[in-house]
Amino acid sequence: MYNSQNTSILVKWIYQFSKYYISCNSFISLMTFKDLNIISMKDFSRETIDHILNTAEKLEPVARGVEKSDILDGKVLSLLFFEPSTRTRMSFETAMIRLGGRVLNLGSVEASSIAKGESLADTIRVVEGYSDAIVLRHPKEGSAQMASELVSVPIINAGDGAGHHPTQTFLDLYTIRRESHLDGVKIALAGDLKYGRTVHSLCYALSLYGAEITLVSPKELRLPDEIIYDLKKRNIKVTQTDSIEEAIRDIEVLYVTRIQKERFPDPAEYNKVASSLLITPQLLEKADPKLKVMHPLPRINEIDPRVDDTDHACYFNQSFYGVPVRMALLALVMGVLE
Ligand code: CP
């Protein structure tokens, strides 16, 4: 027998199932942005990515503060970060503020009821009641997907362990488009390709643009075989090397990543590879003068600070582009833009 509570549970279940079906079984179409979860780049078609990047481009003057907008007036975004962050957290905050919305920040985990033993699932259900969307960074792979199955507001994955970091990928693609070109770009991904979630998401996205990809890493930090397999299945030219000197000569974009110390099970293994990559002005003399050097940041020892003064450096522009890109994503999933 159905009472109103059972009916409401049934409606919610059907709604959740339809969201899950969309995210698992088809590329997201241009009509389905409102309430959409942003979990993995694998869910996005090239057409949809282009639409997000075009929307970000239109919002860039607002991101720079030269135009004003209040399209997110009355909307609330909650930030739940269970791992450290500067860029992702602050650029989401900036994006909301520049568009007239408000931000709730869980703050440090120690200061929340998680310190009393409250589960992630309960925390997410509670925060749903306070927010129009939730941004989640958590060390456990699959945490954002799990959260999206619990609530009706959009979940935006800001990094799930060594899994995915899709909003970083959107801003990386935006950077490549703004500073170089996307179609058929010759790009080298260098550094920690095993644990670096930004490169995992980026590889899938680049495959939609027919990129030529060179992978540069010590053998301990190679890109997981299943991703290389997926890329080759998509007819993407993939080359692997451990020599940055070899790779630098014939590329248009060099994407450098930090060695992810926190994800190594054994610190001795980290020490073996910690200094395996350093980009210097001398190395860049061998490159195309138009080569752009990107890095999701933070950098530790991978890029010599003297590179900052060269025309190659675009990692600080890249971190700024997180603002228009996250503005676009927020405005689309909150249903104020289409
Ligand atoms: N690129 C990036 O995710 O930086 P944060 O860890 O500072 O958010």
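What counts and how
Residues numbered from 1 in each chain as written. Predicted model: local features only at pLDDT ≥ 70, side-chain atom pairs only at ≥ 80, totals over all residues. Heavy atoms only, no water. Helix = DSSP H or I, 4+ residues; strand = E, 2+ residues; numbered from the N terminus. Buried < 20%, exposed > 50% of the residue type's maximum accessible area, 1.4 Å probe, protein only. Contact = heavy atoms within 4.5 Å. Pairing = 2+ DSSP bridges. Axes fitted to C-alpha atoms, helices over the stretch in contact; angles between N-to-C directions. pLDDT = per-residue confidence, 0-100. Phe/Tyr/Trp six-rings, centres within 6.5 Å; stacked < 30°, edge-to-face > 60°. Core = buried A, V, L, I, M, F, W, Y, C linked by side-chain atoms within 4.5 Å. Domains from an automatic or database assignment. 1 Å grid on protein atoms, 1.4 Å probe; cavity = no way out; pocket = protein on both sides within 12 Å on 5 of 7 lines; lining within 4 Å. Points joined across faces, edges and corners; volume = space filled by probe spheres on them. Expected span 1.5 Å × (residues − 1). Bend = angle between axes of the 7 residues up to and from the residue.

### A closer look at the overall build of the chain
Move 1: When you go through the chain residue by residue, the secondary structure sums to twelve helices and nine strands.
Move 2: When burial is assessed residue by residue, the chain has 53% of its 338 residues classed as buried.
Move 3: Counting only contacts in the chain whose residues sit at least 6 apart along the sequence, the fraction spanning at least 24 positions is 72%.

### Considerations on the sheet that holds strand β4 (residues 155-160)
Move 1: Spatially, the four strands line up as an open sheet ordered β2-β1-β3-β4, and their pairing is parallel. Edge positions in the open sheet fall to β2 (102-105) and β4, since each of these has one partner strand only. Looking at each pair of strands side by side, their axes are set apart by 15 degrees on average, direction ignored.
Move 2: The pairing of strand β1 (residues 76-81) with strand β3 (residues 133-138) spans five bridges and is classified as parallel. Along β3, the bridge assignment pairs L80 with L136.
Move 3: Each of β1, β2, β3 and β4 touches helix α3 (residues 87-98); the most contacted strand, β1, lies at about 175 degrees to it.

### Digging into the confidence of the model for the chain
Move 1: Taken over all residues, the pLDDT of the chain has a mean of 90, while the share at 70 or more is 90%.
Move 2: Here residues 20-26 scores under 50 on pLDDT; set against residues more than four positions off or in separate chains, the count is eight contacts.

### A word on the packing of aromatic side chains
Remark: the centre distance and the inter-plane angle together describe each pair of aromatic rings, the angle taken between the planes.
Move 1: Evaluation of the coordinates by the stated rule reveals four aromatic pairs.
Move 2: Arranged with centres 5.3 Å apart and planes meeting at 75 degrees, the rings of Y174 and Y321 form a pair that is edge-to-face. Here Y321 lies in helix α12 (residues 315-333) and Y174 lies in helix α6 (residues 166-179), a separation of 147 residues in the sequence.
Move 3: What makes Y174 buried here is its relative accessible area of 0%.
Move 4: The class for Y321 is buried, based on a relative accessible area of 3%.
Move 5: A network of ring pairs unites the aromatic residues Y174, F320 and Y321 as a single cluster.

### So, the nonpolar core
Move 1: By size, the foremost hydrophobic cluster in this structure holds 64 residues, and its most contacted members are I187, L189 and L206.
Move 2: No other element matches the nine residues that α12 contributes to this core.
Move 3: Residue contributions to this core reach at least three from each of two domains, namely domain 1 (19-164 + 321-333) and domain 2 (167-319).
Move 4: Residue contacts for L189: discarding those within four places in its chain leaves V199, L202, C203, I213, T214, L215, V216 and Y255.
Move 5: If you look at the next biggest cluster of nonpolar residues, it comprises 20 residues, including A247, I248, L254 and I279.

### Some points on the layout of surface pockets
Move 1: Taken as a whole, the largest pocket encloses approximately 420 Å³ of empty space.
Move 2: Forming the boundary of the largest pocket are 21 residues, of which R137, R197, R258, L297 and P298 lie nearest the centre.
Move 3: Breaking the lining of the largest pocket down by element, the ones donating at least two residues are α3 and α7 (197-207).

### Observations regarding the environment of P61
Move 1: With respect to the helices and strands, the residue P61 is situated in helix α2 (residues 46-63).
Move 2: Considering only alpha carbons, one finds P61 and P324, 263 residues apart in sequence, at a separation of 8.4 Å.
Move 3: Excluding residues within four positions of it along the chain, P61 makes contact with V66 and E67.

### Some words on α2
In an α-helix, one turn spans 3.6 residues; hence positions three or four apart end up facing the same way.
Move 1: Here α2 spans 24 Å end to end across 18 residues, near enough to the 26 Å set by a 1.5 Å rise per residue.
Move 2: Of all the bends in α2, the greatest reaches close to 35 degrees and is centred on E57; the proline P61 follows between one and four positions later.
Move 3: Turning to α2, the residues buried within the fold contact α3, α6 and α12.
Move 4: Within two residues after α2, G65 carries a phi angle of roughly 80 degrees, on the positive side.

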